[in-house]
Amino acid sequence: MEPSNTRDPRYYHRVVDCQWACPAHTDVPQYIRLIAEGRYTDAYMLNRVSNVFPGILGRTCDRPCEPACRRTRVDGKPVAICRLKRVTADLRESVRHRLPEIPAEKNGKRIALIGGGPASLTVANDLMPLGYECVLYEALDKLGGLMLTNIPAFRLPVRVLQEEIGFITDMGVDVRLNTRVNSLKALVEGEDGFDAVFVGVGAPRGKNLELPGRYDSDRIHIGIEWLESISFQHIDSVGERVLVIGVGNTAMDCCRAAKRLGGQDVKVMARRGRRDFKASEWELEDAEDEKVEVLEYHSPKEFVVEEGVLKGMKFDIVEWYEDDKGKQRARPVEEVFIPCDDVVLAIGQDNAFPWIERDMGIEFNDWDMPVVDRGTMQCSLPGVFFGGDAAWGPENIIWAVEHGHQAAISIHNHCQGIPLAERPAFGMNLISQKMGIHEWSYSNEYNPASRTPMRYVDLEERLRSIGTEAELGFSVEETAREVQRCLNCDIQTDFAANLCIECDACIDVCPLQCLTITENGDESDLRQRLTAPAENLAQLLFVSEDLPQTHRVMVKDEDLCVHCGLCAERCPTAAWDMKKSDLLIPYAGHEKWPTIATV
């Protein structure tokens, strides 16, 4: 294998599993260390650079970082990254004086943003400090998009949503509420003189369930529309017996909302088994803690309505099997009737673009979705960009934020005459953490503490009101305990081959057997010849340059390393050092980074 290029920012970025897994590349280890030092405001601001909404995402993120967390390979449970993010929002001081300054003199470019959700807000957040004029069109009388209408207040308090949205709109965004865009052509070709348009309208149409009896009662609801009606206080009650059809996160919000609106017997109905549920594990746990019953292998068959009154639903209990082509199929075993007063359909969301004319040069695919370049976020009509759920269907908030960042880069390029494909590069600082012979500037001791459980408001009290936030958040003491579980994966074992004397001291002291000095070879061969075979192909192998003594190579399995620093402490020649890799993330207006700094 060729020597690993650890001066390429992407190399160490991939080693920091949590940051690599985060769509917005949030610097998780660094903000956790700031929390450990009690620097909550600094940690919040570091979060805000990449994910824009620390308080919102600290409560609602789908947490792609946590399954990737290296701690799961040690004790099975990831660091509570998302809940620590919330800590930065809960315990910080005022940050308004630390927000980007907005130039009084604009650059002459005007950008239209359609939809007031996280993607459009992120675009405004990135472009306003560069002197752009941003005009945001929102059909409702409040901003937030599906963060407002589809995430109930018991998960996301309105005050948190409004404050973080306000940080962006107070930059001077021209917000036009109660203004529905009915024609994209009129906006693009109109007299307002927009230099670019960003579409961030989400996926606003809930999927229906066309079964007998569907339109015979007004007690059958579309999930996202029902949650929106609750959010705007158009609905404040529900029947005692509620069936929620679907097993995604929206279904979990629906069933938990039903419990707070008077539902006593609330059931979630699933066609498949639990391992195939789309809902996040913690969302499902919260629902079941609130006495929601989950019934597996129930396939909806019919709504039973008598004289306009919903009586219940018929279901086929099904078993799943694999057909001769390897495809999963369901076959009914028996039919059951389950009584109910209300049914909430939470089986997915679709996009809806009736307001985009099909003769203006925007290509649509077979699913009636605009064809959007995943790198630039531009559709086939130059100057028109998409992001969030409007681009490729329902995803999560952190993906919408990253779409917004990339779209802002593209809009800036478009307006400045720079080719959209010329993306600003990632940079990196790489700085030694050595403080003394056996002392580092980070805590390298392994803490065996188990994951800190979340505290909740008493069940009876939290179900009394839909506005009572269910989670209490971590206390200062709980926070201090949880941050110690982080393994500091951005503190890298940085190796200088020319200093190695092949004494094997590092190999002897490594607690995870992740180091090997051996003859070079191809990757599949090397992976099997290591002290411990490297079986996780998704993780890198570090391969050094030839060692000066024998021309063998130092090989390290990045998958096993817990960044304890023992190799660097033991090395008599300082061939190993512990260096913090700081990923420099490019945003709109950052055309290039200075030369990589290494110390």
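Residues numbered from 1 in each chain as written. Predicted model: local features only at pLDDT ≥ 70, side-chain atom pairs only at ≥ 80, totals over all residues. Heavy atoms only, no water.

Asks: Tell me about helix α4 (residues 40–51), and name the residues and values.
Replies: Look at α4: 16 Å from first C-alpha to last across twelve residues, which is about the 16 Å you get at 1.5 Å a residue. Here α4 lies mainly inside the structure; nine of its twelve residues are buried. Among the residues of α4, those classed as buried are Y40, T41, A43, Y44, M45, N47, R48, S50 and N51. Downstream of α4 by a residue or two, V52 has a phi angle that is positive, lying close to 70°. (Helix = DSSP H or I, 4+ residues; strand = E, 2+ residues; numbered from the N terminus. Expected span 1.5 Å × (residues − 1). Buried < 20%, exposed > 50% of the residue type's maximum accessible area, 1.4 Å probe, protein only.)

Asks: Report on the domain arrangement of the chain, specifying residues and quantitative values.
Replies: How big an interface is tends to be stated in terms of the accessible area lost upon association of its parts. Each assigned domain of the chain is listed here: domain 1 (99–204 + 351–416) and domain 2 (206–348). Facing the twelve residues of domain 1 at the interface are eleven residues of domain 2. Roughly 970 Å² of surface becomes buried between domain 1 and domain 2 when both sides are summed, with 56% attributable to carbon and sulfur atoms. Looking only at domain 1, the three residues that lose the most surface to domain 2 are N150, F154 and R155, adding up to 51% of its buried area. (Domains from an automatic or database assignment. Contact = heavy atoms within 4.5 Å. Buried area = accessible area lost by both parts, 1.4 Å probe.)

Asks: A description of the environment of V123 should follow, citing residues and the corresponding values.
Replies: When you line up the elements, V123 lands in helix α9 (residues 118–127). When its relative accessible area of 0% is taken as the criterion, V123 is described as buried. Sequence separation between V123 and R485 is 362 residues; the distance between their C-alpha atoms is 34 Å.

Asks: Which residues make up the sheet that holds strand β11 (residues 309–322), and what values do they have?
Replies: Taken in spatial order, the three strands of this open sheet run β10-β11-β12, and their pairing is antiparallel. Every other strand in the sheet has two partners, leaving β10 (298–306) and β12 (328–339) as the edge strands with one partner each. The sheet shows a mean angle of 20° between the axes of neighbouring strands, direction not considered. Bridging between β10 and β11 involves eight bridges; their strand directions are antiparallel. When the sheet's bridge partners are listed, P300 is paired in β11 with F315. (Pairing = 2+ DSSP bridges. Axes fitted to C-alpha atoms, helices over the stretch in contact; angles between N-to-C directions.)

Asks: Break down the side chain of K580 for me, citing the residues and quoting the values.
Replies: By the element assignment, K580 lies in strand β23 (residues 576–584). Here K580 falls in the buried class, since its relative accessible area comes to 13%.

Asks: Tell me what's going on with unusual backbone geometry, and back it up with residues and numbers.
Replies: Unlike most non-glycine residues, D504 shows phi in positive territory, near 70°. The residue D504 is located in the loop between β19 (491–495) and α20 (505–509) in this model. If you check the backbone angles, Q513 has positive phi at about 55° while not being a glycine.

Asks: Please set out the pattern of salt bridges residue by residue, giving values where relevant.
Replies: For the coordinates displayed, the defined rule picks out 50 salt bridges. Here E66 makes a salt bridge to R451, at a shortest N to O gap of 3.2 Å. On the criterion of sequence distance, the pair formed by E66 in helix α6 (residues 65–68) and R451 in the loop between β18 (439–440) and α18 (459–462) is long-range, its members being 385 residues apart. The pair E66 / R451 is uniform in exposure class, with both members buried. The shortest N-O distance in the salt bridge between R331 and E319 comes to 2.7 Å. Remark: E319 occurs in strand β11 and R331 occurs in strand β12; sequence separation between them is twelve residues. Taking the relative accessible area as the measure of exposure, E319 reaches 37% and is therefore partly exposed. Look at the salt bridges and you will find they share partners, linking R59, R86, D90, R159 and E469 into a network. (Salt bridge = Lys/Arg side-chain N within 4 Å of Asp/Glu carboxyl O.)

Asks: Which residues make up the nonpolar core, and what are the values?
Replies: Within the largest apolar cluster, 46 residues are counted, with the highest numbers of intra-cluster contacts made by I111, L127 and I411. For this core, the elements supplying multiple residues, two or more each, are α5 (54–60), β1 (110–114), α9, β2 (133–137), α10 (146–149), α11 (158–169), β4 (196–199) and α17 (397–416). Element by element, the count of residues in this core is highest for α17, at nine residues. Non-local contacts of I411, meaning those with residues more than four positions away in its chain, are made with I111, V123, L127, Y132, A196, F198 and F385. Core analysis: the second largest hydrophobic core is formed by 28 residues, V15, W440, I491 and C567 among them. (Core = buried A, V, L, I, M, F, W, Y, C linked by side-chain atoms within 4.5 Å.)

Asks: An account of the packing of helix α8 (residues 81–91) against helix α19 (residues 476–483) is requested, with residue identities and associated values reported.
Replies: The contact between α8 and α19 brings their axes to 11 Å, and the two run at 140°. Put simply, α8 runs oblique to α19. Note that α8 runs across α19; the crossing there is left-handed. Contacts from L84, V87 and L91 in α8 reach V476, T479, E482 and V483 in α19. (Parallel < 35°, antiparallel > 145°, perpendicular 65-115°, else oblique. Left-handed = near helix turned anticlockwise from the far one by under 90°.)

Asks: How would you explain the sheet that holds β2 if you had to name every residue and give the values?
Replies: Reading across the sheet, the five strands line up as β3-β2-β1-β4-β15 and stay open at both edges, with parallel pairing between neighbours. A single partner strand is all that each edge strand has here, and the edge strands are β3 (174–176) and β15 (384–386). Pairwise comparison of adjacent strand axes, ignoring direction, gives a mean angle of 20° for this sheet. Pairing of β2 with β3 involves three bridges; the strand directions are parallel. Bridge pairing links Y137 to R176 in β3. Against the sheet, α9 contacts β1, β2 and β4, and its axis sits at roughly 160° relative to β1. Taken strand by strand, α17 contacts β1, β4 and β15, and its axis lies near 165° from that of β4.

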